[in-house]
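# Descriptive analysis of the structure
Now for the letters of each chain:
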Amino acid sequence: MFIHLHCHSHYSFLRAVPSPQDLVDAAVAAHAPAVALTDTNGLYGAVPFYQAARAAGIKPIVGTLLDVEIDFRFLLLAENAAGYSNLCRLLTLRHLEDRPVRLEELAAHRKGLIALYAPSCRGTTCRAPTTEGQHIASLRDIFPAALYLEAWHFSGAATPVADPEGRRACSEERSGCVTSNLRESLRLSKLFSLPLVATNNVHFLRPEEFLHHRVLNAIRTGALVSQMAPPEISSLGAYFKSGSEMRWAFADYPEALAATVEIAERSNLELSLGRTIFPEFSVPDGETPFSYLWKLCFEGARRRYQPLRPEVLARLTHELEVIDRLKLAPYFLLVWEIAEEARRRGIPAVARGSAASSIVTYCLGISRVCPLRWGLYF
């Protein structure tokens, strides 16, 4: 049996063709018990993918292809909720400063993650950099029982032939090359005693969608479609192959196919959906979020309303009761803290949206609009 563990959806923006639902449908058609979504540097499609897979009776495996500082992209899969949380944290680090994740950050957020490392490939050849052994040694220390060597062998839809060294290959005239990192993965697997896992780096569902893949990437890079070539695009063979096609490609390495099932069995992510998760806010000792919000609001009301009239107190009390009933006090405190930081930095802070007419936001200094003046009510 073979399970796809490296699949991109259109949430790998301007890189891949299928939707998360398309990938689930392809897994159903292939009678696969599980399938993974591993978009580049993002989890944007994770929830719809998870929901679609569960509805179809397919186990969803959620991951990402992450930029890491040693000049490669690293496939990470969530084993459980802790792993999903760490994926979110790593991706936040990746995007906050628009830089690759550092190895020490990867080590700090490794719990619940399975890692797949693919040896470096350029065009038709795969050659390991002189420092690649050091990188793998570092990654093995970070993921002592959860590191695999990712192997692919794109044989496309062309006629198989044998190369001079006895490897299975093919002629891919339309894509311009045969891409395979299998030999290098095998060498490193023996050198570091790491298990091999077969993937296909899916970017489209069928071979005829290869042109769609090229067009998307031409838009992303600003190049002509005719100029698109690896590594900016994947191979013609990077489609959602059937189990029989993958068994043919890895006929001599059944352990690499079996590893896909092993990883799928290890991945048991359960997402709690359908409930709102509010942010937390640290308050002084002896205070609750609501009591602290109440105190800030009445201090602000005394400053802003002179005299402090009964209608002001009635309106403020009513809004605070609504906020307490909906358990929104931490959210209002968080917005207040953002506004305070903006003021400290000299950034104008004006609230927008329905809460801008709230006397609570006015007393907190978040909104500059006096609600009683304009007759607006919460």
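Structure shown above.
Everything numeric in this text was worked out from a predicted model, so none of it was measured.

## Quick word on the packing of helix H10 (residues 289-304) against helix H11 (residues 310-325)
As a packed pair, H10 and H11 sit with axes 11 Å apart at the nearest point and diverge in direction by 160°. Considering the angle they form, H10 stands roughly antiparallel to H11. Between H10 and H11 lies a crossing whose hand is right-handed. Across the interface between the two elements, Phe290, Leu293, Trp294, Cys297, Phe298 and Ala301 of H10 pack against Leu313, Leu316, Thr317, Leu320, Ile323 and Asp324 of H11. In the contact of H10 with H11, the residues fall into 10 nonpolar, 1 polar and 1 charged.

## Some points on the pairing of strand E2 (residues 59-68)
Most of E2 is tucked away: 9 of the 10 residues are buried. Pairing of strand E1 (residues 34-40) with E2, which is carried by 7 bridges, proceeds in the parallel orientation. Paired with Leu37 across the strands is Val62, a residue of E2. Handedness of the crossover joining E1 and E2 through helix H2 (residues 46-55): right-handed.

## A look at the pairing of strand E4 (residues 113-117)
Buried residues dominate E4, accounting for 5 of its 5 residues. Burial along E4 is two-sided: the residues Leu113, Ala115 and Tyr117 and Ile114 and Leu116 are all buried. Here E4 pairs with strand E7 (residues 147-151) via 3 bridges, running parallel. Each bridged residue has a counterpart across the sheet, and for Leu116 the counterpart in E7 is Tyr148.

## Some thoughts on H10
Given a rise of 1.5 Å per residue, 16 residues ought to cover 22 Å, and the 22 Å separating the end C-alpha atoms of H10 matches this to within 8%. Among the residues making up H10, those that are buried are Tyr292, Leu293, Leu296, Cys297, Phe298, Gly300 and Ala301.

## Regarding the pattern of salt bridges
A full pass over the atoms with the stated rule returns 17 salt bridges. Between Arg94 and Asp67 there is a salt bridge whose closest N-O contact spans 3.1 Å. Here Arg94 is found in helix H3 (residues 81-96), whereas its partner Asp67 is found in strand E2, with 27 residues between them in sequence. With a shortest N-O distance of 2.4 Å, Glu287 and Lys295 are connected by a salt bridge.

## Some details on the nonpolar core
In terms of nonpolar packing, the biggest core is built from 58 residues, with Phe74, Leu76, Leu106, Phe143, Phe240 and Phe250 touching the most fellow members. Of all the elements, H2 adds the most residues to this core, at 5 residues. Of all hydrophobic cores here, the second largest spans 24 residues; its members include Val312, Ile323, Ala339 and Ile366.

## With respect to the packing of aromatic side chains
Applying the stated criterion across every chain yields a total of 10 aromatic pairs. On the basis of an interplanar angle of 45° and a centroid distance of 5.1 Å, the ring pair of Phe13 and Tyr44 is categorised as tilted. Highlighted residues: Phe13 in the segment before helix H1 (20-29) and Tyr44 in the loop between E1 and H2, separated in sequence by 31 residues. For Tyr44, a relative accessible area of 42% gives the class partly exposed.

## Notes on the side chain of Ser19
Relative to the assigned elements, Ser19 resides in the segment before H1. Here Ser19 is in contact with Ser9 and His10, once residues within four sequence places are set aside.

## Some words on the packing of H1 against H2
Where H1 meets H2, the axes come as close as 9 Å, and the angle between the chain directions of the two elements is 30°. In terms of orientation, H1 lies roughly parallel with respect to H2. In the packing of H1 onto H2, the handedness of the crossing is right-handed. Of the residues in H2, those touching H1 at Pro20, Gln21 and Val24 are Phe49, Ala52 and Ala53. Broken down by class, the residue content of the contact of H1 with H2 amounts to 5 nonpolar, 1 polar and no charged.

## Some words on unusual backbone geometry
For the peptide bond that leads from Gln306 to Pro307, omega is 5°, which places it in the cis range. Looking at the secondary structure, you find Pro307 in the loop between H10 and H11. The phi dihedral of His31 is positive, around 60°, even though this residue is not glycine. With respect to the helices and strands, the residue His31 is situated in the loop between H1 and E1.

What counts, and at which threshold
- Residues numbered from 1 in each chain as written.
- Predicted model: local features only at pLDDT ≥ 70, side-chain atom pairs only at ≥ 80, totals over all residues.
- Heavy atoms only, no water.
- Axes fitted to C-alpha atoms, helices over the stretch in contact; angles between N-to-C directions.
- Helix = DSSP H or I, 4+ residues; strand = E, 2+ residues; numbered from the N terminus.
- Parallel < 35°, antiparallel > 145°, perpendicular 65-115°, else oblique.
- Left-handed = near helix turned anticlockwise from the far one by under 90°.
- Contact = heavy atoms within 4.5 Å.
- Nonpolar A, V, L, I, M, F, W, Y, C, P; charged D, E, K, R; others polar.
- Buried < 20%, exposed > 50% of the residue type's maximum accessible area, 1.4 Å probe, protein only.
- Pairing = 2+ DSSP bridges.
- Right-handed = clockwise from strand over helix to strand, strands pointing away.
- Expected span 1.5 Å × (residues − 1).
- Salt bridge = Lys/Arg side-chain N within 4 Å of Asp/Glu carboxyl O.
- Core = buried A, V, L, I, M, F, W, Y, C linked by side-chain atoms within 4.5 Å.
- Phe/Tyr/Trp six-rings, centres within 6.5 Å; stacked < 30°, edge-to-face > 60°.

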